[in-house]
Amino acid sequence: MYLKLRVFFTILSALCLAFALTAGALWGYIWAIILGLGALLFFMLMLVFKQAQEKQEQQEAENNKFFTHSPNQPSDNTTNDNDTQSP
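Before going into details, it helps to say that this report is about the structure given with it. All of these numbers come straight from a predicted model, not from anything done at the bench.

1. What about helix H1 (residues 2–26)?
One turn of an α-helix holds 3.6 residues; hence residues three or four places apart share an orientation. Here H1 spans 36 Å end to end across 25 residues, near enough to the 36 Å set by a 1.5 Å rise per residue. Of the residues making up H1, those classed as buried are Phe9, Ser13, Cys16, Ala20, Ala23 and Gly24. Of the residues one or two after H1, Gly28 is the one with positive phi, at around 130 degrees.

Put into C-alpha cells, the structure is as follows:
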C-alpha cells in the first residue's frame, strides 16, 4: 500500500512542478509559487510514506527472521575450528 502511495505522490509532485513552470510563464509568478509549494507538499508526503514503508519492511524482516531460523544450521556469529589457521 505504501508503495502505491509513494508512486502516486511522486507523480503528483512531478505534475505540479511541470505545471508550475508553465503557469509561471503564462499567468504569473503567484501561480508558479502556489504550484511549486504543492509539488513540495507532495514530495514531503512521498518521503513520509517511504519512511513508513521502510519501517514496516524492517519489522516484517525481524518477524520472519524469528520464524525462519533452523536449529540445524549454525548461527552467523559462531566460528568453525576448521576456518582458523594454526601457526
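2. Observations regarding the environment of Leu35
Within the fold, Leu35 resides in helix H2 (residues 29–68). Leu35 gets classed as partly exposed once you look at its relative accessible area, which sits at 23%. Note: C-alpha distance between Leu35 and Ala23 (12 residues apart in sequence) is 8.3 Å.

3. Looking at a nonpolar patch on the surface
On the surface, a cluster of nonpolar side chains totalling about 1400 Å² of accessible area is made up of Leu26, Trp27, Tyr29, Ile30, Trp31, Ile33, Ile34, Leu37, Leu40, Phe43, Met44 and Leu47. Of the residues forming the nonpolar patch, the biggest block, 10 residues, is contributed by H2. With respect to the helices and strands, the residue Ile34 is situated in helix H2.

4. Looking at the nonpolar core
Considering soluble globular proteins, one finds that nonpolar side chains tend to be buried as a cluster. Counting 6 residues, the largest nonpolar core is built from Phe9, Cys16, Ala39, Phe42, Met46 and Phe49. A total of 4 residues in this core trace back to one element, the largest contributor, which is H2. Contacts of Met46, omitting those with residues within four sequence positions, involve Arg6, Phe9 and Thr10.

What counts, and where the lines are drawn
- Residues numbered from 1 in each chain as written.
- Predicted model: local features only at pLDDT ≥ 70, side-chain atom pairs only at ≥ 80, totals over all residues.
- Heavy atoms only, no water.
- Helix = DSSP H or I, 4+ residues; strand = E, 2+ residues; numbered from the N terminus.
- Expected span 1.5 Å × (residues − 1).
- Buried < 20%, exposed > 50% of the residue type's maximum accessible area, 1.4 Å probe, protein only.
- Patch = residues over 30% accessible without salt bridge, like charges linked within 9 Å, V, L, I, M, F, W, Y side chains within 5 Å.
- Areas by Shrake-Rupley, 256 points an atom, 1.4 Å probe, with all protein chains shown as cover.
- Salt bridge = Lys/Arg side-chain N within 4 Å of Asp/Glu carboxyl O.
- Core = buried A, V, L, I, M, F, W, Y, C linked by side-chain atoms within 4.5 Å.
- Contact = heavy atoms within 4.5 Å.

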